Amino acid sequence: MMREGQATAIHRADYAAPAYWIDTVDLTFDLDPAKTRVLNKMRVRRNSGVPAAPLRLHGDELNLARVLVNGAGTSFKMEGSCLVLENLPEGDAPFDLEIFTTCCPAKNTQLSGLYVSQGTFFTQCEAEGFRRITYFLDRPDVMASYTVLLRADKAQYPVLLSNGNLIEQGELEDGRHFARWNDPHKKPCYLFALVAGKLVAREQRIRARSGTDHLLQIYVRPGDLEKTEHAMNSLMASIAWDEARFGLPLDLERFMIVATSDFNMGAMENKGLNIFNTKYVLASQATATDVDFANIESVVGHEYFHNWTGNRVTCRDWFQLSLKEGLTVFRDQEFSLDLAGSPSARAVKRIEDVRVLRTVQFPEDAGPMAHPVRPDSYVEINNFYTVTIYEKGAEVVRMQHTLVGREGFAKGMKLYFERHDGQAVTCDDFAQAIADANPESDLARLLPQFKRWYSQAGTPRVRAVGAYDAATRSYRLTLSQSLAPTPGQAEKLPMVIPVALGLLDANGQPIALQLEGEAAPGAADRTVVLTEPSHSYTFVNIDSAPVPSLLRGFSAPVHLDIDYTDDELLALLAHDTDAFNRWEAGQRLALRIAINAIAAGAGDTGAAAPIAPDLLPESFIAAMRDVLRHPTLDAAFKELVLALPSEGYIAEQLDVVDPQRIHAVREALRTQLATALRPEWEAAWEQHHDTGAYRPDALSSGRRALAGMALSMLCVAARESGDTVWPGRAYQRFKDAGNMTDRFNALSALVVSGQPLAEQALARFHAMFKDDALVLDKWFALQAGAPDRGGQALATAKALLAHPDFSLKNPNRARSVIFSYCNANPGGFHRADGAGYAFWADRVLELDAINPQVAARLARSLDRWSKLAEPYRSAARQAIERVAARPALSNDVREVVTRALAD
Ligand code: TRP
Ligand code: ZN
């Protein structure tokens, strides 16, 4: 953050190795919330590979007291927030540099650097927080060995933690004590961490496959220990999985996780001392939902997997962020897929991941913040921890996995670590290793072109056209690709697009595939690799016009345009062997119906046409009925199929967006689905609502999800018919539920359908959980995200801000109200009077003074303003302009609003 002066963009092309290396760092902390003293003794040497230059150390909000070189005073100057040393010893011999500073953790509301949360010290150094602790070469290619001495009052801070191994601890005068830590692995400073406070730990000793013993610890506030069992199980499963799947063992004697309720993101992979948002650690059946349990598993896995992909091999510069994040998301996705087990549970996980990609990343790729997986420039790196870097980055790794196969990918990973262990490297180095380990693969053959996935922003479109020729009994499938310009990138070149596909015959059965020129039919499933702007594939020995099933499992992160008839989509929904495309067929049908209904309202008077109550044709309802009644499909899969595409996803398919029209149409579709399938919803509830003793496994959580959806639909149907039986049952369920998933689903069913009982249930819920911050977050989020009825949503959001339990300083709580209203409640947020946007601007500005990282995330709510219909568009632009006009804006928010206005 820099509040004075003009922020300047940093360019990838300007990368230069540092003029100095820092080999060792010896830190001493005297911890005090108001004034923490930091003594930083470094062993520094010139980088003989680059021209001599002054040593420029980064700093931010530090008070500098002393600088010594080889024990003696030295001249220095300040350039902005950098400390510049020009008169350093000549030659290549290392020298000692000692810097003494102080900082004020208690006033650190940004939660970057060293801060205090509920009386406990925490650090967050990624991306550039270490410079808020001491002057340093705060860049990931400077890797050093750390020893850390922590000193603090023993009564207030009984637990003193840092990276690596505990070397020594003991008593000091005046009730103080100390602990000395040594990290055996070299690391960039963004992986440094310390924690000091009143914490307790769940401990687990494990023996790895290789026979080594390790201590695992999860530190939380006293009272939360019972809620750490699932996180510990997830950690043990992660360690076992990385060894089994990739041969990557735990390289530390001790591995610690610490939870804090004040955290900007999900969690952080500091070497041996992961720091987590409590949301991704604490769970019990009484307080956490199935989704929370699943998220904890994948975030614990994600941070653990960083130990190799990120920590042992790190990024050369922050432009390479996806090197660690895309790869580690891919690994955590694979971990959850492997733990899910059954093919059906795997398909559900894949659909969930793709849904996030398409509803969040595709809009980013189409908006003002679009950037390549490996960006070319940024103003504030914190703004580039995006779904493009993470989720699209994971898809780019997944395509490499597809192109070399599961075994080939494991070989590639092995080569990557053989070549680069202990180094700070680039995305190129990664792709090169995967390709080199598989010299015969499509990836090796196409590597330079494949790497356009790293350099070109935007989501490619693949257009598919099929033609059956009865005379030759052949089917010709033509795939064409295109990529629209994105900000700063007008010219685009063709990508390498793996398209997994199959063909269904007239009875919906899979056809053995035989391309023209092949001797005999082969498998019914194969992957073709599109590299040209357009290519045709001719399949032979086909008896009648087939239905193509393309991009199976979502084999590439692209839009697929194909003109299916309704009957073809119904056939895919009923018969496709690929579960992903089966789900996708249902989504396409629903989307088509929604888009037609939205368009039907676009009269030239501007007044929206009334929405018919029967937009869904009988064929669609019948298909959904078949799915709900299906004897063998998993409940989790049924729930996904029955869920209509979100308002945001529908909006992305349109050139001009009227959010109120979309909201009204989608609500009408939901109401019809609720009413028309009422007997099926009742049956689904009856069959699935009892899931026995609580376990957060795929099968029983799927049953709870479907039962919850059924209850919600039955409450919607009841609102239409005036019936009070189902709302009564929902209230009963809310009171009696044995776990948070069932309780919260019942509460949501009442709130979302606007039942009179909702108020009573909300009050009761608050009384039950008023002391559990994570559960209260759910309570706030549910209300702030509840559908608008008569324009009350904004008033609700404002009332929640005034609630005594609300706090803008706690990111989880701020998100629970503000983000839920601005991002998850389009019908309530997009008001014709612009009051929702004014609320947004006020909150962005308020938050920016406290926490620029969180403010900048909120600032992105209006990324897609330029697609809005009037009067929304002008009102949104005005609100963004009001934010941009504020002189004292953080770099974080300024970059986001500047890019938005350029759209
Ligand atoms: N590296 C972390 C992860 O992916 C992300 C992260 C945690 C982060 N805290 C942050 C990024 C603060 C930027 C700023 O797991
Ligand atoms: Zn990560």
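Going by an unreviewed UniProt entry, the protein carries the name Aminopeptidase N and comes from Paracidovorax wautersii. You can read under Catalytic activity (unreviewed entry) in the UniProt record for the protein the words "Release of an N-terminal amino acid, Xaa-|-Yaa- from a peptide, amide or arylamide. Xaa is preferably Ala, but may be most amino acids including Pro (slow action). When a terminal hydrophobic residue is followed by a prolyl residue, the two may be released as an intact Xaa-Pro dipeptide." In its Cofactor (unreviewed entry) section, the UniProt entry covering the protein states "Zn(2+)".

Chemist: I tried to follow the site of ligand 1 on my own but got confused; where do I start?
Modeler: In the vicinity of ligand 1 there are 15 residues, among which Glu-126, Glu-269, Glu-303, Glu-325 and Tyr-390 approach most closely. Between an oxygen atom of ligand 1 and a main-chain N or O atom of Ala-267, the distance comes to 3.2 Å. The contact in question runs from an oxygen atom of ligand 1 to an N or O atom on the side chain of Tyr-390, over 2.6 Å. A total of 370 Å² of accessible area belongs to ligand 1 in isolation, and the protein chains cover 98% of it. Counting residues per element, the ones that place at least two in the shell around ligand 1 are strand S21 (267-268), helix H2 (290-306) and helix H3 (321-340). The residue makeup of the shell around ligand 1, split by class, is five nonpolar, five polar and five charged. Taken domain by domain, the shell around ligand 1 gets at least three of its residues from each of domain 1 (10-284) and domain 2 (313-454).

Chemist: How should I be thinking about the UniProt feature "domain: Peptidase M1 membrane alanine aminopeptidase" (unreviewed entry) in the protein in this particular structure?
Modeler: Here, the residues flagged by UniProt with the feature "domain: Peptidase M1 membrane alanine aminopeptidase" (unreviewed entry) are residues 231-446. Spanning residues 231-446, this segment combines 58% helix with 9% strand, and its end C-alpha atoms are found 41 Å apart.

Chemist: I tried to follow the sheet that holds strand S26 (residues 461-469) on my own but got confused; where do I start?
Modeler: Through backbone hydrogen bonds, the strands of a sheet pair up, either in parallel or in antiparallel fashion. The four strands lie next to each other as S30-S27-S26-S32, forming an open sheet whose pairing is mixed. A strand with exactly one partner marks an edge of an open sheet, and here the two such strands are strand S30 (534-539) and strand S32 (559-562). Strand-to-strand twist of the sheet, defined as the mean angle between neighbouring strand axes without regard to direction, takes the value 20°. Looking at chain direction, S26 and S32 are connected through four bridges and run parallel. Its bridge partner being in S32, Arg-463 is matched across the sheet by Asp-561.

Chemist: Got a minute to help me understand helix H26 (residues 872-884) in this structure?
Modeler: Side chains that are three or four residues apart share a direction in an α-helix, a result of its 3.6 residues per turn. With 13 residues, H26 ought to run about 18 Å at 1.5 Å a step, and its terminal C-alpha atoms sit 18 Å apart, in line with that. Within H26, the full set of buried residues consists of Tyr-872, Ala-875, Ala-876, Ala-879, Ile-880 and Val-883. All buried residues of H26 project into a common sector of 135° when viewed along the axis, lining one side. Residues of H26 that are buried in the fold lie against helix H14 (659-676), helix H24 (835-850) and helix H27 (891-901).

Rules behind the numbers
Residues numbered from 1 in each chain as written. Chains lettered and ligands numbered in written order. Predicted model: local features only at pLDDT ≥ 70, side-chain atom pairs only at ≥ 80, totals over all residues. Heavy atoms only, no water. UniProt positions renumbered as here; feature names shortened; annotations may be inferred. Near = heavy atom within 4 Å. Polar contact = N/O pair within 3.5 Å; in protein donor to acceptor, adjacent residues only side chain to side chain. Areas by Shrake-Rupley, 256 points an atom, 1.4 Å probe, with all protein chains shown as cover. Helix = DSSP H or I, 4+ residues; strand = E, 2+ residues; numbered from the N terminus. Nonpolar A, V, L, I, M, F, W, Y, C, P; charged D, E, K, R; others polar. Domains from an automatic or database assignment. Pairing = 2+ DSSP bridges. Axes fitted to C-alpha atoms, helices over the stretch in contact; angles between N-to-C directions. Expected span 1.5 Å × (residues − 1). Buried < 20%, exposed > 50% of the residue type's maximum accessible area, 1.4 Å probe, protein only. Arc of directions from axis to C-beta. Contact = heavy atoms within 4.5 Å.

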